[in-house]
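Secondary and tertiary structure notes
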Amino acid sequence: MRMIAKEIEGLGEELIETAARETNLPDARLRNERARTIFQLISYADATETASWMDIRIDSPIPNRAAPKPDLRKTMVPLGPVAVFGAANFPFAYSTAGGDTACAFAAGCPVIVKAHPAHAATSELVAQAILAAAKKTMMPEGIFHHIHGQSFEVGKAIVTHQHTKAVGFTGSHLGGKQLFDWANQRAEPIPVFAEMSSINPVFLLPGKLKESAAEVAGQYAGSITLGVGQFCTNPGLIVGIDGPELDEFMSSLSNQIKKVQPASMLHPGIFKNYQERKKDALSQSEVDTIAIAEQPASENQGAAALASASANAFVNNPVLHKEVFGPYSLIIRCKDIKEMIDVARKTEGQLTCTLMATNNDIKENEPLVNTIKNICGRLIMNGVPT
């Protein structure tokens, strides 16, 4: 893993330039993400050397006891070959040599990476760095394989192969669910560790909005449009209670969204998906479009958009629950806290949920807080999920 980190660093400008050409991501973002990937590899190398992940337990025997106790030993062992499907929006940190690959290597598992077609050349460069590191450190042949292909059949062949023992995936709900189904339809089912779509709801509580509606709007204008909205933690749903404070928040956020300049998205396929999902969401009968970026967008450029709907519309319309992957967010207007709880209960499992709240808001709304914390992996207080 340390040698992989050195080999990736040794690719220098060629890696950055290739990734920039394939993804439209800016230079600074790519350099930061490459540094993060190198850090991940070294961190997993450190963890491997401590052996703490093995959870070694030794229960010594007590043969002279009335019911003799045997010598018991327990340890974690590698599962076997792990298939990793890289993410479109993170060409380094969640892809070929990203966290899933580093984690599998750390546990002693061979890895088969399915390159993401959105950055196939970048993936190939990193794959060659991994293979070079394997050769220099005399790893067994077959410790790493790299596969290209856009067809679903390629993914199916990898997941259903008799020697595949686990799957790591970051991407859409459709893709992750399909991998999960294939894995569970095998004669020997295998685990699928999947991070899938998320709308990352933000709950605006009354005290916080009364205190700083415009300030919160500024935070969320930046979060919604960060990286052209192409983060899996992008806040795609904002839930508040109707009143002057929510009106102030919506007005301030709308004004800022209108001023955001459209920018190139990662890939034509992602742009097409954003346009289609956004059009579908905005065309729903009970959805009002309240802001669209004023500057015209060129080909493959995502224009920011903001919409609103009632709590009743959200609860009864599954289309509004779907992720719109890009610089888009939907504001849900509730009549009261009860409706806010209803929205939380109808929101499927999420990567993150955020509470914008004062201490009193938290103390006075325990049922809401408990509902929210039970639908997310990460609960964020007075921040942004991105």
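Structural notes, computed from the coordinates. (Residues numbered from 1 in each chain as written. Predicted model: local features only at pLDDT ≥ 70, side-chain atom pairs only at ≥ 80, totals over all residues. Heavy atoms only, no water.)

**Here we look at the sheet that holds strand 3 (residues 82-85)**
- Strand order in the open sheet formed by five strands is 5-4-3-6-7, with parallel pairing between adjacent strands. Every other strand in the sheet has two partners, leaving strand 5 (144-147) and strand 7 (192-195) as the edge strands with one partner each. Here the strands of the sheet are splayed against their neighbours by 15 degrees on average, with no regard to which way each runs.
- Looking at chain direction, strand 3 and strand 6 (residues 166-170) are connected through four bridges and run parallel. If you follow phenylalanine 85 over to strand 6, its bridge partner there is phenylalanine 169.
- Along the sheet, helix 7 (residues 173-185) contacts strand 3, strand 6 and strand 7; its crossing angle with strand 6, the most-contacted strand, is approximately 170 degrees. (Pairing = 2+ DSSP bridges. Helix = DSSP H or I, 4+ residues; strand = E, 2+ residues; numbered from the N terminus. Axes fitted to C-alpha atoms, helices over the stretch in contact; angles between N-to-C directions. Contact = heavy atoms within 4.5 Å.)

**Thoughts on the pairing of strand 7**
- Relative to strand 7, strand 6 runs parallel, the two being bridged by four bridges. In the strand pairing of strand 7, phenylalanine 169 is matched with alanine 194.
- Once the chain exits strand 6 it traverses helix 7 before rejoining the sheet at strand 7, and the crossover so formed is right-handed. (Right-handed = clockwise from strand over helix to strand, strands pointing away.)

**Side note on the packing of helix 2 (residues 12-23) against helix 3 (residues 27-50)**
- Interhelical geometry of helix 2 versus helix 3 gives an angle of 125 degrees and a closest axis separation of 10 Å. With respect to helix 3, the axis of helix 2 lies oblique. Crossing of helix 2 over helix 3 shows right-handed handedness. On helix 3, the residues that touch Gly12, Glu13, Leu15, Ile16, Ala19, Ala20 and Thr23 of helix 2 are Asp27, Leu30, Arg31 and Arg34.
- Considering only residue class, the contact of helix 2 with helix 3 consists of five nonpolar, two polar and four charged. (Parallel < 35°, antiparallel > 145°, perpendicular 65-115°, else oblique. Left-handed = near helix turned anticlockwise from the far one by under 90°. Nonpolar A, V, L, I, M, F, W, Y, C, P; charged D, E, K, R; others polar.)

**A short note on helix 6 (residues 152-160)**
- What helix 6 keeps buried is the set Gly155, Ile158 and Val159. Down the axis, helix 6 shows its buried residues gathered within 95 degrees of arc, on one side only.
- In this fold, the buried residues of helix 6 make contact with strand 3, strand 4 (111-114), strand 5, strand 6 and helix 7.
- The N-capping residue of helix 6, defined by a side-chain oxygen 2.9 Å from the backbone nitrogen of glutamate 153, is serine 151. (Buried < 20%, exposed > 50% of the residue type's maximum accessible area, 1.4 Å probe, protein only. Arc of directions from axis to C-beta. Polar contact = N/O pair within 3.5 Å; in protein donor to acceptor, adjacent residues only side chain to side chain.)

**Looking at the packing of aromatic side chains**
- On inspection of all chains with the given rule, the structure shows four aromatic pairs.
- Geometrically, the ring pair formed by phenylalanine 90 and tyrosine 94 is edge-to-face, given 5.0 Å between the ring centres and 65 degrees between the ring planes.
- Overall, the relative accessible area of 8% leaves phenylalanine 90 in the buried class.
- Tyrosine 94 sits in the partly exposed class, given a relative accessible area of 29%.
- For the pair phenylalanine 90 and phenylalanine 231, a centre-to-centre distance of 5.9 Å together with 70 degrees between the ring planes defines the contact as edge-to-face. One end of the pair, phenylalanine 90, is in the loop between strand 3 and helix 4 (99-106); the other, phenylalanine 231, is in the loop between helix 8 (206-225) and strand 9 (237-241), with 141 residues separating them in the sequence. Accessibility assignment for this pair places phenylalanine 90 and phenylalanine 231 in one class, buried. (Phe/Tyr/Trp six-rings, centres within 6.5 Å; stacked < 30°, edge-to-face > 60°.)

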